[in-house]
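Below are the chains, spelled out letter by letter.
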Amino acid sequence: MDLLIDSFYSAILLVISVDAEMVAIIGVSLKVSCASTALASIIGVPLGFGIAFGKFAGKRMTITVLNTMLALPTVVIGLFVYTFISRRGLFGPFDLLYTQYAIIIGQVILIIPLITAFTIAAISRIDQRYRQTARTLGANRRQTAWVVFREARFGIVAAIVAAFGRVISEIGISMMLGGNIKGFTRTMTTFMALEYDKGSFVLAVALGIVLMGLSFGMNLLFHFFQGRVQSQ
Amino acid sequence: MIYTVSDLIKIYGSRTVLDIPYLEIEKEQIYALLGANGAGKTTLLNILGLLEAPTAGQIQYRARPVHFAESDLQPLRQEIVLVNQHPILFTTTVFKNIEFGLKIRKIDKKDRLRIIDESLDLVGMREFSSAPAQHLSGGETQRVAIARALALSPMVFLCDEPTSSVDVENQNIIITILRRINETKRISVLFTTHDRSQAARLAHHTIVLNQGRLVPTLYENIFRGVLQSDPSGQPQCVIQDKLHLSITADQALCNRQVVSVFIDPEKIEPLKPAKYPSTPNELQGRIVQVIEENGKVRIVVDADVWIALLISKKSYQKNGFMVGENMGLSIPAEAIHLI
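The following paragraphs examine the structure supplied in this document. (Residues numbered from 1 in each chain as written. Chains lettered and ligands numbered in written order. Predicted model: local features only at pLDDT ≥ 70, side-chain atom pairs only at ≥ 80, totals over all residues.)

1. Focus on the overall build of chain B
Part 1 of the argument: Secondary structure summary: chain B contains nine helices and 20 strands in total.
Part 2 of the argument: The principal-axis extent of the C-alpha atoms belonging to chain B is close to 75 × 45 × 35 Å.
Part 3 of the argument: Residues counted as buried form 38% of the 339 residues belonging to chain B.
Part 4 of the argument: The long-range share in chain B, meaning contacts at least 24 apart out of those at least 6 apart in sequence, stands at 69%. (Helix = DSSP H or I, 4+ residues; strand = E, 2+ residues; numbered from the N terminus. Buried ≥ 20, exposed ≤ 12 C-beta atoms within 10 Å, placed from the backbone. Contact = placed C-beta atoms within 7 Å.)

Here is the structure:
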């Protein structure tokens, strides 16, 4: 118990003192997580919207496959991407392995199914009367789609927030494709694992606090935004 | 004519919910669409609102055939607006809700502001302009939905049970609005209702649907009946397990045992109290409602089931029927129609 309390106390001091190494690690984590979430959102949100809004053969199967991909382990994605970007892989000449780009690629693959599936769920929950109302007020297909999208905005933002939470806390992809290189591809989770292996808990706990704080801050921001819009 | 409907059929799965051989709707008139739940009123309204395609048949809108292809429908939808029974407002302000259709029609901002103010004035909701739409009550939501539709100056205004889910105060406001827009803006109005007296008060014409088919008469006096024979072998129709009405042998030649029965209120004869007790098709009951209607008097009698009859004013004055009193009815076989 003393170990936990001591580690926690030291970690708090480290966070307050704004340790330079910790700041660098947080910076890398935020940079790759934001980039992968942004890229995955650009792909996943329209994809999810298209699947939910459209009528096509195999729609149910597509949704089932997407839901299955939600359970894809990060190490499997790490291995899969590794085979493409390692020196002997198809994209070997681009020297992507053990770079932040490699982590981003892996994380994008990880969260595209999540954003897509959650967007489908958000759109599907929207009352059919919104679509009918838009049409009877003279909206064309594109304008009707925009109405539905607008009504589903909180669900879609929630999907993006959930995806960000997923990538900032994942370790398999960052470790396998980033390699935990100090000052370059070392993220909060890979560093916490390293510190754990070394038996040094202080910085690991400090980063754990930061990680939880970031996740809490994101959710707080989302709820603040949701409350503001709903009271308009 | 604003609409001409011919051979309209709508099938959901294996169930035919609408089967209308012919129907004309005149422009600048108010139509009430009456019928029980599941009669097909909302489906017909959705088809006339061009939101749903019929399975078969043709609809002409302003003498032009309607082709249910999305690209062809959109220009027509700019002239026809439908307000649902439980309308939904977009999750934004009342102002922006009304502005939506105007923006689509590319109306400039100055005109938009004027039209929105006018529309909110019409429904008495101007002070709610900047209110969040999701904070309104049911009646206020209904009124804003009507304002949102009327802001678009439609040729046709379709309204699905506009007063069914609002309080009495809002019911009266909505009825007044519908009458006013028809009188002042010459908008054709078609609304569905269960309330026969509301239809009689507001509408120029009444369309009655029963199980998806047009019933060429009034909505009242439609019952579920069972055909059987009485102990002497005479055919009879038992209505709601209470009334046993003798029918003709021809009427009994029906291949169903359970039927819908319409009793023509104009063919029911009032009996003087002296003529009690009754013979087979003569009943007695208590008068529960008396209303003047289109030059006649409509009397509703509670004779185990509620039966309405329409009599002349002269007959009413002569007999002096009063609410709460007993009266007799004679239902001749020709007043009974199996539908």
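Next comes the rest of the account.
2. Concerning the nonpolar core
Nonpolar side chains in soluble globular proteins tend to end up buried together.
Part 1 of the argument: Leu 33, Ala 147 and Leu 158 of chain B are the most contacted members of the largest nonpolar core, which totals 69 residues.
Part 2 of the argument: Considering every element that reaches this core, the biggest residue donor is helix α5 (residues 138–150) of chain B, with six residues.
Part 3 of the argument: Those residues in contact with Leu 158 of chain B, other than ones at most four positions away along the chain, are Leu 45, Leu 48, Gly 49, Ile 80, Val 81, Leu 82 and Leu 190 of chain B.
Part 4 of the argument: If you look at the next biggest cluster of nonpolar residues, it comprises 50 residues, including Leu 110, Ile 120, Leu 177 and Met 192 of chain A. (Core = buried A, V, L, I, M, F, W, Y, C linked by C-beta atoms within 7 Å.)

3. Quick notes on the packing of helix α6 (residues 128–136) of chain A against helix α7 (residues 141–151) of chain A
Helix packing for two helices is described by the angle between their axes and how far apart those axes are.
Residues and elements named next belong to chain A.
Part 1 of the argument: Packing of α6 against α7 leaves a shortest axis separation of 9 Å and a crossing angle of 145°. For the crossing formed where α6 meets α7, the hand is right-handed. Only Gln 143, Thr 144, Val 147, Val 148 and Glu 151 of α7 make contact with α6, whose side of the interface consists of Tyr 130, Arg 131, Ala 134 and Arg 135.
Part 2 of the argument: Here the residues of the contact of α6 with α7 are counted per class, giving four nonpolar, two polar and three charged. (Axes fitted to C-alpha atoms, helices over the stretch in contact; angles between N-to-C directions. Left-handed = near helix turned anticlockwise from the far one by under 90°. Nonpolar A, V, L, I, M, F, W, Y, C, P; charged D, E, K, R; others polar.)

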